[in-house]
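Analysis of the macromolecular model
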Amino acid sequence: MAPILGETNENRALINDSEKKGHTPSFSFSDSSETKGHKPSFSFSDSPITKGHKPSFSFSGAETPLISHRKVGEVPAEINPMKNYATIVHQNQIKEDVIMDEPLFFYQNDSKANSDNDDDESIVSMASITSMTSMASSIATLTTQYLGNFKNSLMIPFLDDTGARHKIISGLMALIGVGVALGLIMPKDEHLAHAWYRDFSNVLGYTYFVCWSVCFYPQVILNYRRQSTLGLSPDFAMLNFFGWSCFVAYECAMYFDTEVKRLYQERFQTSDSTVQSNDVAFAIHAHLLSIIYLFQICYYGGGLKALKLKNQTCFLLGAIMTPAVIGPMLFATNLLDHKYMLDYFYLLSLLKVSATCLKYTKQFFFNRERKSTKGWNIWYNFLECTGGSLSMIQVVLDSVDMGDWRGVTGNFAKFALGFITISFDALFFFQHYVLYAEVDELPLTESKSEKRIEDMHLTIP
């Protein structure tokens, strides 16, 4: 048997006698160790080793080991399991420090500890997965809710005919968002001087394009839902059609026709006009919707008789159509020099401006005669006002960016249309929200109301 620390022949005899009696020795050292001339004392506990206890060391001082009984797996609080320092004293002659990797007489269940660590890691991993899953679910829910709200807001201009304040704000914000997205992804105008401004100009252009293009749909949908065009002036619809016809010809020539573009460059000494692709798309789209207006009036009004126009309107239409038709004939027969082609298209743009003034005047007085704006969708004015404002801003800023105000004078029709629409929109807002607000709250589906408005419609001189 290996000797125990501080063991003497006398102590050995006591230990053997104790083991025979079934006792387990317990060692303790007083403050005065053997190195000071004292001998260690021994005591015996009643707990035998056979009951599952094993001796383990604990240290009360830097040099004094204490031996006590502990259960297997118990870790004494005094022991640092990584590094233990035991002081070995032998016969008052040798004293040295030994770094031991494992505690003396200390046993630990390594497999159980590793299992506990694995369980802890599994719990942490499962908690992380659960947290990530919950976060992903929350994001998906918020995204779905946002898209649903955005879809509802986007449909407001098409389905609402009341013009309530909260609906106006929601609908306009949704359409502006669509315009901003289109402006960022669509091709930019390379003729603009600054690269950073090209994105901003594109956003302005496509936002005005979206708002001004959508403005035609609320009236079409309202006519379909009511199965009637009462409230929409036939004079407005006809002037609207011829006005957009002239503007489509002007925009396409300024953007596509190389001869017209060359004449523009020579006259204004600039690279190109401020007419952009979104301007052309908007004009074509508006022209198609103006045709639908006329079709609905005929369809719901019982044929061409519903397109009965005032005498003044017929005269104005003749004045607009005559130069628009004669011009191409003169160029085709060489009776008019091609160097005046640019002037001809400028004339068409001015005819569009004139038609715009006339059509809004007709609709304004039509509402005044009826004492109501029922049947006229106020969303038309809100969207047109937004589009007209952004259109004017784009023309001015494009000219500033290029350092040439001839962009305004060279595309005067676009700037003038924005200004005219904003002015007339203010008049329609005054009619809808102030003058005839109480009248417009009454339902227009009753046969007597329909008959009264139809008779008034046909008898207006």
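Refer to the preceding data block for the structure.
Here the structure is a predicted model, which means the values were calculated and not measured. (Residues numbered from 1 in each chain as written. Predicted model: local features only at pLDDT ≥ 70, side-chain atom pairs only at ≥ 80, totals over all residues. Heavy atoms only, no water.)

1. Looking at the pattern of salt bridges
- Counted according to the given criterion, the structure contains five salt bridges.
- A salt bridge links Lys 167 to Asp 160, with the shortest nitrogen-to-oxygen separation between them at 3.6 Å.
- On the basis of relative accessibility, which here comes to 6%, the residue Asp 160 falls in the buried class.
- A salt bridge links Asp 343 to Arg 267; its shortest N-O distance comes to 3.0 Å. Linking Asp 343 in helix α10 (residues 341–370) with Arg 267 in helix α7 (residues 258–268), this pair joins segments that are 76 residues apart in sequence. (Salt bridge = Lys/Arg side-chain N within 4 Å of Asp/Glu carboxyl O. Buried < 20%, exposed > 50% of the residue type's maximum accessible area, 1.4 Å probe, protein only. Helix = DSSP H or I, 4+ residues; strand = E, 2+ residues; numbered from the N terminus.)

2. Things to note about unusual backbone geometry
- For Gln 227, which is not glycine, the phi torsion reads 55 degrees and is therefore positive.
- Examined against the element boundaries, Gln 227 turns out to sit in the loop between α5 (217–226) and α6 (234–256).
- Look at Gln 227 and you get partly exposed, because its relative accessible area is 45%.
- If you check the backbone angles, Asn 334 has positive phi at about 60 degrees while not being a glycine.
- For Asn 334, the location among the structural elements is in the loop between α9 (311–332) and α10.
- Judged by its relative accessible area of 61%, Asn 334 is exposed.

3. Here's the deal with the environment of Tyr 224
- By the secondary structure assignment, Tyr 224 is in helix α5.
- Look past the residues within four positions of Tyr 224 in its chain and what remains in contact with it is Gln 296 and Tyr 300. (Contact = heavy atoms within 4.5 Å.)

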